[in-house]
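If you want the building blocks of each chain, they are given just below.
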Amino acid sequence: MSASTDCIFCKIAAGEIPGDIVGETELSVAFRDLMPQAPTHVLVVPRGHHENAAAVAEAAPDTLADMFLLARTVAEQEALEGYRAVFNTGAAAQQTVFHAHLHVIGGRPFTWPPG
Ligand code: AMP
């Protein structure tokens, strides 16, 4: 799907507004979250506009795979031993930006269930 003109993550991915970009591929872009929940908190987004992870999987499965590979690259760059990779889907799950984004979170201890 092509870029959406009023989508902030489309604009960051296109370089139209600034983002703290830490990695990119032909299909996806990684940038630091504005309000990090951990020492490393990076968002990996598809360059094309899709509302959520399942929409990416349906329309562009290669892009979804690329996003997980870029997440791994970022984790290696940041020397993370492990990381949490999360897609929030829907307002009830606290999705606030409706352009699919993979949260890559690491550099602090984790407990389960998430807190
Ligand atoms: P979610 O709640 O899963 O939709 O996550 C959206 C995330 O985007 C939040 O963690 C925000 O802090 C982050 N965010 C919103 N606007 C920006 C921006 N311009 N640059 C970087 N991160 C952003």
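The coordinates are above.
We now turn to the structure provided with this report. (Residues numbered from 1 in each chain as written. Predicted model: local features only at pLDDT ≥ 70, side-chain atom pairs only at ≥ 80, totals over all residues. Heavy atoms only, no water.)

### Observations regarding the pairing of strand β2 (residues 28-32)
At step 1: With 4 of its 5 residues buried, β2 lies for the most part within the structure.
At step 2: Bridge count between strand β1 (residues 21-24) and β2: 3 bridges; the pairing is antiparallel. Its bridge partner lying in β2, Ile21 is registered against Phe31.
At step 3: Connecting the antiparallel pair β1 and β2 is a turn made up of 3 residues.
At step 4: As paired strands, β2 and strand β3 (residues 40-46) are joined by 5 bridges and run antiparallel to one another. Residue pairing for β3: Ser28 is matched across the bridge by Pro46. (Buried < 20%, exposed > 50% of the residue type's maximum accessible area, 1.4 Å probe, protein only. Helix = DSSP H or I, 4+ residues; strand = E, 2+ residues; numbered from the N terminus. Pairing = 2+ DSSP bridges.)

### With respect to the pattern of salt bridges
A side chain with one charge may pair with a side chain of the opposite charge, provided their charged atoms come close.
At step 1: Inspection of every chain in the model, using the stated rule, returns 3 salt bridges.
At step 2: The shortest N-O distance in the salt bridge between Asp20 and Arg32 comes to 3.8 Å. Taken together, the residues span a long stretch of sequence, with Asp20 in the loop between α1 (8-14) and β1 and Arg32 in strand β2 at a distance of 12 residues.
At step 3: When its relative accessible area of 45% is taken as the criterion, Asp20 is described as partly exposed.
At step 4: Across the pair Arg47 and Glu24 runs a salt bridge whose closest N-O atoms are separated by 2.8 Å. With Arg47 in the loop between β3 and α2 (53-59) and Glu24 in strand β1, the pair connects residues that are 23 residues apart, well separated along the chain.
At step 5: Counted as one network, the salt bridges with shared partners bring together Asp20, Arg32 and Glu78. (Salt bridge = Lys/Arg side-chain N within 4 Å of Asp/Glu carboxyl O.)

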